[in-house]
Amino acid sequence: MRRPAVDGWFTGDGDDFRLLGTRCAACASVYFPREDVHCRNPGCGGGEPAVLVEVALSRRGRVWSYTDCRYRPPSPYVSDRELPWEPYALVAVELAAERMVVLGQAAPGVGAGELAVGMEVEVVPGVLGEDPEDPGTVWTTWNWRPVEVTG
């Protein structure tokens, strides 16, 4: 069984996969992660309670920054010490239409050496890991993949 690591943050699969945010009906500010209580824009004149509408975010953006995570973080980071550490790239992606930067892991097989600031990337479904307490359950998330990479 596949389950989202965080309910309500993304939807779909394959080419229909999208991150979900919210947009304030009064000032059009967009939030990810989603905001379901109040508009965080201090200049918003919409009042309380805010009207926040779910929106699918852009599938593509440009690398704003990235880093190479080559070592296992110390506690309280949770990981299985019995398994070898697998390095990964962390990518900050600018979504121009939403005027925001969204952080996420690069897709498996995409390391920091394959990334460049300004490169076009797209959001794709990812796997966070298997649930050790519920065999067969896979926790899902999102990854960023360079547009020219397929698979």
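Anyway, here's the lowdown on the structure attached to this text. (Residues numbered from 1 in each chain as written. Predicted model: local features only at pLDDT ≥ 70, side-chain atom pairs only at ≥ 80, totals over all residues. Heavy atoms only, no water.)

1. Description of the nonpolar core
To keep things clear, this is the line we draw: Residues enter a nonpolar core if they are buried and are Ala, Val, Leu, Ile, Met, Phe, Trp, Tyr or Cys, with the set joined through side-chain atoms within 4.5 Å. Exposure classes here rest on a 1.4 Å probe applied to the protein chains alone. A residue is buried below 20% of its type maximum, exposed above 50%, and partly exposed in between. A run of H or I in DSSP counts as a helix once it spans at least four residues, and a run of E counts as a strand once it spans at least two, with each numbered from the N terminus.
One finds Leu19, Leu57, Val102, Trp142 and Trp144 to be the most contacted residues of the largest nonpolar core, which totals 24 residues. If you list the elements that add at least two residues to this core, you get strand E7 (88-95), strand E8 (100-106), strand E9 (120-130) and strand E10 (138-146). One finds Tyr31, Cys39, Cys44 and Ala50 within the second-largest nonpolar core, a separate group that totals six residues.

2. With respect to the layout of surface pockets
Selection criterion: Buriedness of a pocket was judged along seven lines, with at least five required to meet protein on both sides within 12 Å; pockets are open sets of points on a 1 Å grid over the protein atoms alone, cavities are sets where a 1.4 Å probe fits but cannot get out, and lining residues have an atom within 4 Å of a point. Grid points are joined across faces, edges and corners, and a volume is the space filled by probe spheres set on the points.
Roughly 1,200 Å³ of volume is contained in the largest pocket. Surrounding the largest pocket, 32 residues form its lining, Tyr77, Gln105, Val127, Leu128 and Gly129 being those nearest its centre. Looking at the lining of the largest pocket, the elements with two or more residues in it are E7, E8, E9 and E10. The element best represented in the lining of the largest pocket is E9, accounting for five residues. Its boundaries defined by the atoms lining it, the second largest pocket holds a volume of some 220 Å³. Lining the second largest pocket are Ala5, Val6, Trp9, Phe10, Leu90, Leu103, Gly104, Gln105, Leu128, Thr140, Thr141 and Trp142. Counting residues per element, the ones that place at least two in the lining of the second largest pocket are E8 and E10.

3. Details of unusual backbone geometry
A cis amide bond links Phe32 with the next residue in sequence, Pro33, at an omega value of 0°. Within the fold, Pro33 resides in the loop between strand E4 (30-31) and strand E5 (52-56). A positive phi angle is found at Ala28, which is not glycine, with a value near 70°. Here Ala28 is to be found in the loop between strand E3 (18-24) and E4.

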